[in-house]
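# Notes for the structure review
Take a look at the letters that make up each chain.
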Amino acid sequence: MKRSVKCTKTLAAVLAAAMLLALTACGSKEDGQAPSEGTVSSLTEQDSGEQSAAEDSAEDAAKEEDGSVTVTDMMGRTVTLEEPATRVVALTPSDCEILYAIGAGDTLVGRGTYCDYPADVLEVPEVDSGSETNMEQILALEPQVLLMSTMSQTEEQAKQLEDAGVHVVISDAQDIDGVYTAIEMIGTLMGKDEEAAAVIDGMKASFAEIEEKSTGDGSQTVYFEVSPLEYGLWAAGSNTFMDEVADMMGLTNCFADLDGWASVSEEQVLERNPDYIVTITMYYGEGPLPEEEIMARPGWENVTAVKNKAILNLQNNELSRPAPRLAEGAKMLFDFVYGATE
Amino acid sequence: MLNVKDLSVRLGQKQILDSLSFSVREGHWLMVVGPNGAGKSTLINAVTRNVAYTGTVLFEGEDIRRKKPAELARCMGVLAQTHETAYSFSVEEVARLGRYAHSPGFLSRGGEGDRAAVEDALTVTGMWNRRNRSILTLSGGELQRTFLAQVFAQDPKLLLLDEPTNHLDPAYQKQVFDLIADWVKKPGRAVLSVIHDLSLARAYGTEVMLLDRGKILAGGDAEEVLTPENLERVYGMNVYGWMREMLSLWKDPEETGTGDGV
Amino acid sequence: MKSHRERFSAPEYLFFAALTVAVLCLCVCIGSVNIPLGETLSVFWDALSSFVQKFLFHKPADFPEGTVSSILLTVRLPRVLCVALSGAALSLAGAAMQGLLKNPLADGSTLGVSSGAALGAVIAIAFGITFPSLPFAGTMVMAVIFAFLSLLILLALAEKLDRSLSTGTIILIGVIYSMFVSSLMSIVITFAQDRVRHITFWTMGSLQGRGYADAAVLLGALVLFGGIILFHARELNAFAVGEENARHIGVNVRRVKLTLLIAVSGLIGICVSIGGVIGFVGLVTPHMLRMLTGPNHRRLLPASLFGGACFLMLADLVARILLNPRELNIGIVTSLAGAVVFVFIFYRTRRGSGC
């Protein structure tokens, strides 16, 4: 079971350091010293600098006059390509979603096993991902860039691919700001900066709208169920996208005392008595719907959300992936809680 | 008591036993001797239905193939050569298992008869005082006597022994054989035993059967069977001469010892 | 060496039953949500009295309502009952296997029988094998069948490799078979990802969310298959002394072995289909109790029944409250305890293998 754990401080530090580095690299180029193309710096870590300044100029800084692109990925590694990438393998579902969102879906030549959105992605050749990541499969597709997350792949694997001439770019968003960074980074990499900016603006706008329209004062609680009772309850705690979204609309995540995704006791759910329940259990076309299953659970009839039938199923990972669809998921939750606005 | 006719056992291509016919009569102790690989142990296995055989084995006129396991166990008991123990059962618990065949049902309770039989068997074998000992702590001889108590408690009519004292020291050998010799004296009992030691066979057996490569070479009185010629043929050596030689090693020091000493 | 009586005496039964009830009460009173003892008792008193009113005197009566009674009556109590029954069933099955195979390390989890049962359940879910009238019977039947097949395969392997089934062989075969089964399970899950995603449930086991219906199924299995095992205590004694010896004293070796294997598969299969693989229960409890009751199955089996229930209830209690409000899988707790006992037994059998 995967967890999204945020380590904002370290991440921010690394990011800032990385962007500073990009700045300096750029500055030196203006002096006429072009960096050797296609090189990938190994993991770079530096003490943090002024974060905001770095962020503001990151986008511009990455673009080169000779058409080459340089990005600093989310592990602080700098990657320079001669030209925007045209052949990409993405192992994480969220990266695939970002690629399609910025209109670069056609560059995808391979996708990880669990990538399933949008439907078009399913036609892209599949490569094993996660613990079974298969280097040969990836190399056979001759990509210029491999997008992956830190969660599933090891540094050794990244090294191996780099030695074989594939640029490895790591996206590792732990919160919504991180998602913006990832979109921006991928946009630069694909030469689709405007599209990426548009996607980010769209997300920001819908989040802003939600935040503005939400009337919640934190008194109402929501329980995010990420694994159903049958297989052992798991809830999303703090430092998750779900928690962030709940916060945004003035709801309190009733398991905010736990970090990340955590297995929880059934008794605790009853005791905490959430006003809303959001489940992400997929429905496979047989048996009761996930919402119905929750309502039918013995002993749950006293839970406010069950009494009010206030259960939402977001079964397509809308709120669990660091991807543009977070905005859609947030909208769905907003409509569910405050009623549809349109 | 036991009538065996045309008993043959085949293991793959190998003919282990080749149409043996013999019988064990009440009150007798039949010793089956022969070199390694003659088929002695297979004979016991066949008679206890542990290996597939052709021919007929009749117990008191009835085919043993038609008997249920418990029924067969009331007719014939087996004392094996060695016993591998894993759990700390007590001597008495092992002996009491011997009564299984007399009440094999689910709900049977041990009756007075069962208790008496077990007590008797433990007393006869000299294990009564050690009845609460764990079998894991017993010496080889004590363990063998424990299982002897079990088979006595089982109270079969025919006792089958497979090299029962092979690994025991002479004192235990004598104990076990004496106990069995006493046991067989009671009416309605008989013993069939497979044995290597020709001296023991001769000393305790009432009849001897000499087996060689799955066939009976000779059977009957020990005198008639264990002749120097027969043994020479089977073992390929002068058994008599060798035994005499061995014995001479013993006699001399003993005689001089008693003469010189005290 | 102290002497043990042949059977369980009435006071001993009473003691074990009282202990089990005490542990059950403890496990119902303590949980993730802290409910004061007085409130707990009053909920149970109300439930009991309304139950009596309704079913004995046919008077209309309301069962207690509210969050507290939901937690106690519909979440905690049925779960604790399921845990107790699973514990009893698994440890009885373990004791039977240890007797049958004459090896104190034999157990559903060490041999891979539980994994085999889990594979059956996963296949049933992956390929949608169900019986129309009984929604959960598909996984259950498949789990039982696979447990039985696993036992047959294991015995055949043991026969070929080492007839005496020494401790080393048992462990080796168990490890090999478990690995084999887990790779098969991975293959099935790869093919049917969307249906069977929760592999951890099957490999680590949990009885969260189990209800009275599950408890009833477990009770039925325990009465039927557990009954068969309890009635074969003498035969198990004979097998524990030695299979050859069992044959010689008149045990119908083939029939008894088959019957016991079916009963063991039934217990393990049904437990796995309800709670996943909960390892080492069948290893730990019979072993501890053997020190108390001796190896005689007439005493060991009933003791395992109660002892297994107590052990698993306590393990579940730890799983429920150790990291409150988080919850551990019960299998993690039993495996932790089991691994230690396993090493201990292995050490002892190795040192004492001279006899």
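Structural notes, computed from the coordinates. (Residues numbered from 1 in each chain as written. Chains lettered and ligands numbered in written order. Predicted model: local features only at pLDDT ≥ 70, side-chain atom pairs only at ≥ 80, totals over all residues. Heavy atoms only, no water.)

## Some remarks on the overall build of chain C
Cut-off, in case you're wondering: Secondary structure elements are defined from DSSP: runs of H or I of at least 4 residues count as helices, runs of E of at least 2 residues count as strands, and each element is numbered from the N terminus. Buried, partly exposed and exposed residues are distinguished by accessible area as a fraction of the type maximum, computed with a 1.4 Å probe on protein chains only: under 20%, between the cut-offs, and over 50%, respectively. Only the protein chains shown count as cover for residues, and all accessible areas are computed by the Shrake-Rupley method using a 1.4 Å probe.
Within chain C, the regular secondary structure consists of 15 helices and zero strands. Residues classed as buried in chain C amount to 57% of the 355 residues present. When the accessible surface of chain C is split by element, carbon and sulfur atoms take 71% of a total near 14,900 Å².

## Overview of the overall build of chain A
Within chain A, the regular secondary structure consists of twelve helices and 13 strands. Accessible surface for chain A amounts to roughly 14,700 Å². Of this, 48% is attributable to carbon and sulfur atoms.

## Some thoughts on the interface of chain C and chain B
Threshold: Here a residue-residue contact requires only that any non-hydrogen atoms of the pair lie within 4.5 Å. The term buried area refers to how much accessible surface (probe radius 1.4 Å) is lost by two components on association, counted for both of them together. Within this document, salt bridges are pairs made up of a side-chain nitrogen of Lys or Arg and a carboxyl oxygen of Asp or Glu, the two lying within 4 Å of each other. For the purposes of these results, a polar contact is taken to be a pair of N or O atoms within 3.5 Å, where, inside protein, one atom must be able to donate a hydrogen and its partner to accept one; residues adjacent in sequence count only when each atom of the pair is a side-chain atom. Polar here means any residue outside two lists: the nonpolar Ala, Val, Leu, Ile, Met, Phe, Trp, Tyr, Cys and Pro, and the charged Asp, Glu, Lys and Arg; Gly therefore counts as polar.
The interface is formed by 31 residues belonging to chain C together with 33 residues belonging to chain B. Summing the contributions of chain C and of chain B, the shared interface buries around 2,900 Å²; its carbon and sulfur component is 57%. When the buried area of chain C at its contact with chain B is split by residue, C:Arg234, C:His248 and C:Ile249 rank highest and sum to 23% of it. Counting the contacts that link chain C with chain B gives zero salt bridges. Inspection of the region where chain C meets chain B yields ten residue pairs in polar contact (both at pLDDT 80 or more). Listing elements by their share of the side of chain C that touches chain B, those giving two or more residues are α3 (67-100), α10 (233-241), α11 (243-248) and α14 (297-321) of chain C. Ranked by the residues each element gives to the side of chain C that touches chain B, the list is headed by α10(C), at six residues. A per-class count over the side of chain C that touches chain B returns ten nonpolar, twelve polar and nine charged.

## Here's the deal with the sheet that holds strand β1 (residues 2-11) of chain B
Residues and elements named next belong to chain B. Formally: Strands were regarded as paired on the criterion that DSSP finds at least two bridges between them.
Taken together, four strands build an open sheet; the order of strands is β2-β1-β4-β5 and the sheet is antiparallel. With partners counted over all chains shown, the strands left at the sheet margins are β2 (14-24) and β5 (62-63), one partner each. As paired elements, β1 and strand β4 (residues 54-59) share five bridges and run antiparallel to each other. Within β4, the residue paired with Asn-3 across the bridge is Leu-58.

## Regarding the interface of chain A and chain C
On the chain C side, the residues contacting the 32 residues of chain A number 24 residues. The contact between chain A and chain C buries some 2,500 Å² in all, and 50% of this surface belongs to carbon and sulfur atoms. Contact with chain C buries surface across chain A, with A:Tyr231, A:Glu267 and A:Tyr284 losing the most and accounting together for 28% of the total. Linking chain A to chain C there are two salt bridges. C:Arg76 is the salt-bridge partner of A:Glu267, the closest N and O atoms lying 2.6 Å from each other. Every element with two or more residues in the side of chain A that touches chain C is listed here: β11 (261-263) and α9 (266-272) of chain A. Tallied by class, the residues present in the side of chain A that touches chain C amount to 14 nonpolar, eight polar and ten charged.

## Here we look at the side chain of B:Arg145
Residues and elements named next belong to chain B. Quick reminder of the rule: When charges are counted, neither His nor the chain ends are considered; positive counts come from Lys and Arg and negative counts from Asp and Glu.
Counting through the fold element by element, Arg-145 comes out in helix α5 (residues 140-154). Despite its burial, Arg-145 pairs with no opposite charge; the closest candidate is Glu-142, at 5.2 Å N-O. When neighbours within four sequence positions are excluded, Arg-145 is seen to be in contact with Thr-125, Gly-126, Met-127, Arg-130, Tyr-172, Gln-175, Val-176 and Leu-179.

## Details of α5(B)
Residue and element names in this part refer to chain B. Put simply, the rule reads: Helices are assigned an expected span. That span is 1.5 Å times one less than the residue count.
Look at α5: 21 Å from first C-alpha to last across 15 residues, which is about the 21 Å you get at 1.5 Å a residue. The buried count for α5 comes to 14 of 15 residues, which makes it a mostly enclosed element. Just downstream of α5 lies Asp-155, where phi reads positive at about 55°.

## What to know about the sheet that holds strand β7 (residues 167-170) of chain A
Within a sheet, adjacent strands bond to each other through the backbone by hydrogen bonds, running parallel or antiparallel. Residues and elements named next belong to chain A. One open sheet holds the five strands; their spatial order is β5-β4-β3-β6-β7, and the pairing between them is parallel. Of all the strands in the sheet, just β5 (126-127) and β7 have a single pairing partner and so form its edges. Sheet topology places strand β3 (residues 88-90) next to strand β4 (residues 108-112); three bridges connect them, and they run parallel. Following the sheet pairing, Val-88 is matched in β4 by Leu-108.

## Some remarks on a nonpolar patch on the surface
Residues and elements named next belong to chain B. What counts, and what does not: What makes a patch is a set of residues exposed beyond 30% relative accessible area and free of salt bridges, joined within 9 Å when like-charged and within 5 Å when nonpolar (Val, Leu, Ile, Met, Phe, Trp, Tyr).
On the surface, Met-237, Trp-242, Met-243, Met-246, Leu-247, Leu-249 and Trp-250 cluster together into a nonpolar patch covering about 760 Å² of accessible area. As for its placement among the helices and strands, Met-246 is situated in helix α10 (residues 239-260). Its relative accessible area of 38% is what places Met-246 among the partly exposed residues.

## A short note on unusual backbone geometry
A cis amide bond links A:Tyr117 to the next residue, A:Pro118, at an omega of -10°. On the secondary structure map, A:Pro118 appears in the loop between β4 and β5. The residue after C:Asn324, namely C:Pro325, is reached through a cis peptide bond having omega 5°. Locating C:Pro325 in the fold gives a position in the loop between α14 and α15 (330-351). Although it is not a glycine, A:Asn317 sits at a positive phi angle of roughly 65°.

## As for the packing of helix α5 (residues 113-126) of chain C against helix α6 (residues 137-161) of chain C
Residues and elements named next belong to chain C. The line we're drawing: Fitting a line to C-alpha atoms yields each axis, with helices limited to the stretch in contact; the angle taken between N-to-C directions then spans 0 to 180 degrees. Working rule for angles: under 35 degrees goes down as roughly parallel, over 145 as roughly antiparallel, 65 to 115 as roughly perpendicular, anything else as oblique. Each crossing gets its handedness from the near helix: less than a right angle anticlockwise from the far helix is left-handed, clockwise is right-handed.
Relative orientation of the contacting elements α5 and α6 amounts to 140°, with a least axis distance of 7 Å. Between α5 and α6, the crossing angle belongs to the class labelled oblique. Read as a crossing pair, α5 and α6 show a hand that is right-handed. Counted together, Val-113, Gly-116, Ala-117, Leu-119, Gly-120, Ala-121, Ile-123, Ala-124 and Ile-125 of α5 and Gly-138, Thr-139, Met-142, Ala-143, Phe-146, Ala-147, Ser-150, Leu-151 and Leu-154 of α6 form the full contact between these two elements. Within the contact of α5 with α6, the residues separate by chemical class into 13 nonpolar, five polar and no charged.

## What about the environment of A:Gly187?
All names here are of chain A. With respect to the helices, strands and loops of the structure, Gly-187 is situated in helix α6 (residues 176-190). By relative accessible area, which is 0% here, Gly-187 ends up buried. For the pair Gly-187 and Thr-304, spaced 117 residues apart in sequence, the C-alpha separation works out to 44 Å. Contact partners of Gly-187, with chain neighbours within four places excluded, come to Ile-102, Lys-192, Asp-193 and Ala-196.

## Some words on the pairing of strand β3 (residues 29-33) of chain B
Residue and element names in this part refer to chain B. Of all five residues in β3, five are buried, a share of seventy percent or more. Burial of β3 is two-sided: the residues Trp-29, Met-31 and Val-33 facing one way and the residues Leu-30 and Val-32 facing the other way are all buried. The pairing of β3 with strand β8 (residues 190-194) spans four bridges and is parallel. Note on β8: the bridge partner recorded for Met-31 is Ser-193.

## Some remarks on the pattern of salt bridges
Within this structure, the stated rule accounts for 32 salt bridges over all chains. Here A:Glu293 and A:Arg297 are joined by a salt bridge, their closest N and O atoms 2.9 Å apart. Take A:Glu293: its relative accessible area is 25%, and that puts it in the partly exposed class. We classify A:Arg297 as buried; its relative accessible area is 3%. Ionic pairing is found between B:Asp18 and B:Lys215, a salt bridge with its closest N-O pair at 3.4 Å. Residue B:Asp18 is found in strand β2, and its partner B:Lys215 is found in strand β10 (residues 215-220); the two are separated by 197 residues along the sequence. Connected via shared salt-bridge partners are A:Glu267, C:Arg76, C:Arg79, C:Asp316, C:Arg320 and C:Glu327.

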